[in-house]
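Structural description and commentary
Take a look at the letters that make up each chain.
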Amino acid sequence: NAGVTQTPKFRILKIGQSMTLQCTQDMNHNYMYWYRQDPGMGLKLIYYSVGAGITDKGEVPNGYNVSRSTTEDFPLRLELAAPSQTSVYFCASSPDRGRYFGPGTRLTVT
Amino acid sequence: AQKVTQAQTEISVVEKEDVTLDCVYETRDTTYYLFWYKQPPSGELVFLIRRNSFDEQNEISGRYSWNFQKSTSSFNFTITASQVVDSAVYFCALSEGGTGGFKTIFGAGTRLFVKA
């Protein structure tokens, strides 16, 4: 099992650009999550999904969109990137209450 | 509303010392789950433990132990005989009841430095 994989690992965006952060899990977990971690801070939930076709907002959803067309994939879309979105983004999946985290994507918006 | 407080921002110890990381939580639910995660300098997040609100038994895993006390809404983490490899940021997290544990809230983290 590869677990939770995320691409890319690093990215620099210019203000106003868009991009998609990819997340894939091969553990057949129903629940998937996107978090962001700002420097020196804990994680904040952006969006989550309880299964294919079902998504919902977390604590900080503004400026992001998600989709869940399959159990395996949970991409996070940034539209019109802003400097406030500079962060490390973690995708996670879980069968129940635990969390299996991906390695993270470090995004810088300048 | 749920909240997790890790009052210790940074802790520095010398190798072989014992160290306790504090976690205090707030929730209105009677069913909830508590977690600890480790984030080493490499940046990944490592799941350490999950505890549900109905299980107040303390847990020990090697040099790690956890003390869950509902009366004080605390879920503290102790590392016995700390090692340099324990240097990391440790996060406590809370997930309220219902199915799925969707909105897990993380504390701000405690950065532990273990010096040789």
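Residues numbered from 1 in each chain as written. Chains lettered and ligands numbered in written order. Predicted model: local features only at pLDDT ≥ 70, side-chain atom pairs only at ≥ 80, totals over all residues. Heavy atoms only, no water.

Topic: the environment of F77 of chain B
Residues and elements named next belong to chain B. Test applied: Helix and strand assignments come from DSSP, with helices taken as H or I runs of at least 4 residues and strands as E runs of at least 2, each series counted from the N terminus. Classification of residues uses two cut-offs on accessible area relative to the type maximum, computed with a 1.4 Å probe and protein chains only: under 20% is buried, over 50% is exposed, and between them is partly exposed. For this analysis, residues touch if any pair of their heavy atoms sits within 4.5 Å.
Looking at the element boundaries, F77 is found in strand β9 (residues 74-79). Judged by its relative accessible area of 0%, F77 falls in the buried class. With 42 residues separating them along the chain, F77 and F35 place their C-alpha atoms 10 Å apart. Look past the residues within four positions of F77 in its chain and what remains in contact with it is V19, T20, L21, W36, L48, Y64, S65, W66 and Y90.

Looking at unusual backbone geometry
Residue P8 of chain A is bonded to the preceding T7 of chain A through a cis peptide linkage, with omega at -5 degrees. Structurally, the position occupied by P8 of chain A is in the loop between β1 (4-7) and β2 (10-13). At S73 of chain B, a residue that is not glycine, the phi angle is positive and equals roughly 50 degrees. The topology assignment puts S73 of chain B in the loop between β8 (64-69) and β9. With phi around 50 degrees, A81 of chain B is a residue other than glycine that occupies positive phi space. Checked against the element boundaries, A81 of chain B lands in the loop between β9 and β10 (88-96).

Things to note about the nonpolar core
Short version of the rule: Here, nonpolar core means buried Ala, Val, Leu, Ile, Met, Phe, Trp, Tyr and Cys residues that are tied together by side-chain atoms lying within 4.5 Å of each other.
Counting residues in each nonpolar core, the largest one holds 24 residues, and the members touching the most others are W36, F77, Y90 and L112 of chain B. Secondary structure elements with two or more residues in this core: β2 (10-14), β3 (19-21), β5 (32-39), β8, β9, β10 and β12 (110-115) of chain B. Looking at this core, the element that brings in the most residues is β10 of chain B, giving four residues. Apart from the residues lying within four places of it in its own chain, the contact partners of Y90 of chain B are Q6, L21, W36, Y37, K38, L48, Y64, F77, I79, G109, T110 and L112 of chain B. Ranked by size, the runner-up nonpolar core spans 19 residues in total, among them L21, C23, I46 and L78 of chain A.

Structural notes on the pairing of β2 of chain B
Consecutive residues of a regular strand have side chains that alternate between opposite faces of the sheet. All names here are of chain B. Our working rule: We call two strands paired when DSSP finds no fewer than two bridges between them.
Every second residue of β2 is oriented toward a common face, the buried set being I11 and V13 and the non-buried set E10, S12 and V14. For β2 and β12, the ladder comprises five bridges, and the chain directions are parallel. Paired with E10 across the strands is R111, a residue of β12.

Regarding the interface of chain A and chain B
To keep things clear, this is the line we draw: A 1.4 Å probe defines the accessible area here, and the buried area is the portion of it lost by two parts on being joined, summed over both. Salt bridge criterion: a side-chain nitrogen from Lys or Arg within 4 Å of a carboxyl oxygen from Asp or Glu. Side-chain atoms alone can form a polar contact between residues adjacent in sequence; in general such a contact is a pair of N or O atoms within 3.5 Å, and within protein one must be able to donate a hydrogen while the other accepts it. Residues are grouped as follows: nonpolar covers Ala, Val, Leu, Ile, Met, Phe, Trp, Tyr, Cys and Pro; charged covers Asp, Glu, Lys and Arg; every other residue, Gly included, is treated as polar.
Every contact between the two is made by 19 residues of chain A and, on the other side, 23 residues of chain B. Between chain A and chain B, a total of about 1,700 Å² is buried, with carbon and sulfur atoms accounting for 57% of that surface. The interface formed by chain A and chain B includes zero salt bridges. Counting across the chain A and chain B interface gives one residue pair in polar contact (both at pLDDT 80 or more). Classifying every residue of the side of chain A that touches chain B gives 10 nonpolar, four polar and five charged.

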